[in-house]
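Here's the letter readout for the chains.
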Amino acid sequence: MRIARFSIDGNVGFGVLDGDDIDVIKGHPFAEFERSGHKVPFDKVRLLPPVLPNKVVAVGRNYAEHARELGNEVPDAPVTFFKPSTSVVGPGDPVVYPSFSQEVHHEAELAVVIGRMCREVPRERVKDVVLGYTCANDITARDVQKREAQWARAKGFDTSCPLGPWVETELDPGDLTIMCTVNGEQRQLGRTSEMVRSVEDLIVHITEAMTLLPGDVVLTGTPAGVGPLQDGDEVAVHIEGIGTLTNKVIKRG
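Residues numbered from 1 in each chain as written. Predicted model: local features only at pLDDT ≥ 70, side-chain atom pairs only at ≥ 80, totals over all residues. Heavy atoms only, no water.

(A) View of the sheet that holds strand S18 (residues 227–229). Here 3 strands make up an open sheet; going across it, the order is S13-S10-S18 and the pairing antiparallel. Because the sheet does not close on itself, it has two edges, and the strands there are strand S13 (140–141) and S18. (Pairing = 2+ DSSP bridges. Helix = DSSP H or I, 4+ residues; strand = E, 2+ residues; numbered from the N terminus.)

Here's what the structure looks like:
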């Protein structure tokens, strides 16, 4: 099932993709819901970020080749950091090049969308707390990341977390193709099976420390091939079984 968040005629809602239409649901997707039977044409809506997370918990260096391409070793434990809710944008929304950086990179990632409040999740219960999966782009001001000990500005600036285009609820994340293109040219290509630590590993690790809420998002790391983005570039993240998230890079003003 693909669940989209959308706007039409000034109204915002959730719906299930049904052919060329979206079947509007009653309520929200974080509890049992019913399809309303009211359908809107897909080409008449604007897709929004599929969720509005309270927090985005991201994981760094979770693909060995990516760690090496930036001169890093694979860490003994997951490297985690936050991207604020204000960094989140949806499909088709612009990524605004930050004024304080001269080197902004794309990072295609599988995103896990949490479906229920959870803490200290045992490995065998991880599937029970996951609503589904979507595409993410962990946009990073690489020059700022290199010179500042904390990554808050480098990875948390406004528009640095595109998510979408929807949440796929029926998916095994264990071995999916993940690809990034810039202006149609392939930059990144990997498989989620190359992750150092699996989705289950990451959810167990993160929830040892903090409560995850419905709609929170976990970013699982990026494969090798990260590289620069320029004003005017169109960057697309494609994940097998989910779809494609596309955004254009612009400079403010």
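Back to the write-up after that little detour.
(B) Focus on the side chain of aspartate 233. Considering the arrangement of structural elements, one finds aspartate 233 in the loop between S18 and strand S19 (234–239). In this structure, aspartate 233 is buried with no salt-bridge partner, the nearest side chain bearing the opposite charge being arginine 187 at 4.9 Å. A distance of 2.7 Å separates a polar atom in the side chain of aspartate 233 from the backbone nitrogen of glutamine 230. When sequence neighbours within four positions are dropped, the list of residues in contact with aspartate 233 reads Val182, Asn183, Pro228, Asn247, Lys248 and Val249. (Buried < 20%, exposed > 50% of the residue type's maximum accessible area, 1.4 Å probe, protein only. Lys, Arg positive; Asp, Glu negative; His and termini not counted. Salt bridge = Lys/Arg side-chain N within 4 Å of Asp/Glu carboxyl O. Polar contact = N/O pair within 3.5 Å; in protein donor to acceptor, adjacent residues only side chain to side chain. Contact = heavy atoms within 4.5 Å.)

(C) Molecular detail of helix H5 (residues 199–207). Taken residue by residue, H5 has Val199, Leu202, Ile203, Ile206 and Thr207 as its buried positions. Along the long axis of H5, the arc covered by the buried residues comes to 115°, so they all point the same way. On the buried face of H5, the contacting elements are strand S6 (56–60), strand S7 (79–83), strand S11 (108–114), helix H2 (126–129), strand S12 (130–137) and strand S17 (217–219). (Arc of directions from axis to C-beta.)

(D) The pairing of S11, seen in detail. Among the 7 residues in S11, 7 count as buried, and that is most of the element. The alternating pattern of S11 places Ala108, Leu110, Val112 and Ile114 on one face and Glu109, Ala111 and Val113 on the opposite face, and all of these are buried. Here 7 bridges tie S11 to S12, and the two strands are oriented antiparallel to one another. Bridging from a neighbouring strand, alanine 108 pairs with asparagine 137 of S12. As paired elements, S11 and S17 share 3 bridges and run antiparallel to each other. Note that in S17 the partner of valine 112 across the bridge is valine 218.

(E) Highlighting the sheet that holds strand S15 (residues 177–182). Spatially, S9-S20-S19-S15-S16 is the arrangement adopted by the 5 strands of the open sheet, whose pairing is mixed. Every interior strand has two partners, whereas the edge strands, strand S9 (95–97) and strand S16 (185–191), have only one. On average, adjacent strands in this sheet sit at an angle of 20° to one another, irrespective of strand direction. Strand direction decides the pairing type here: S9 and strand S20 (residues 243–251), joined by 3 bridges, are parallel. Looking across to S20, one finds that tyrosine 97 is bridged to lysine 251. (Axes fitted to C-alpha atoms, helices over the stretch in contact; angles between N-to-C directions.)

(F) Representation of the environment of lysine 44 within the structure. Its place among the elements puts lysine 44 in the loop between strand S4 (34–41) and strand S5 (46–47). Its relative accessible area of 58% is what places lysine 44 among the exposed residues. Sequence spacing of lysine 44 and valine 79 is 35 residues, and the spatial spacing of their C-alpha atoms is 41 Å.

(G) Structural view of the packing of aromatic side chains. The final tally for this structure, using the stated rule, is 4 aromatic pairs. An angle of 65° between the planes, with centres 6.2 Å apart, marks the rings of phenylalanine 42 and tryptophan 166 as edge-to-face. Here the residue phenylalanine 42 occupies a position in the loop between S4 and S5, and tryptophan 166 occupies one in strand S14 (residues 161–168), the gap between them amounting to 124 residues. Given the relative accessible area of 28%, phenylalanine 42 is considered partly exposed. A cation sits over an aromatic face here: lysine 251 above tyrosine 97, 4.8 Å from the ring centre. (Phe/Tyr/Trp six-rings, centres within 6.5 Å; stacked < 30°, edge-to-face > 60°. Lys NZ or Arg CZ within 6 Å of the ring centre and 35° of its normal.)

(H) Expanded view of the state of the cysteines. Summed over the entire model, instances satisfying the criterion amount to 0 disulfides. With no disulfide partner, cysteine 180 has as its closest neighbouring cysteine sulfur the one in cysteine 135, 11 Å distant. Assessed through its relative accessible area of 0%, cysteine 180 is described here as buried. (Disulfide = S-S within 2.5 Å.)

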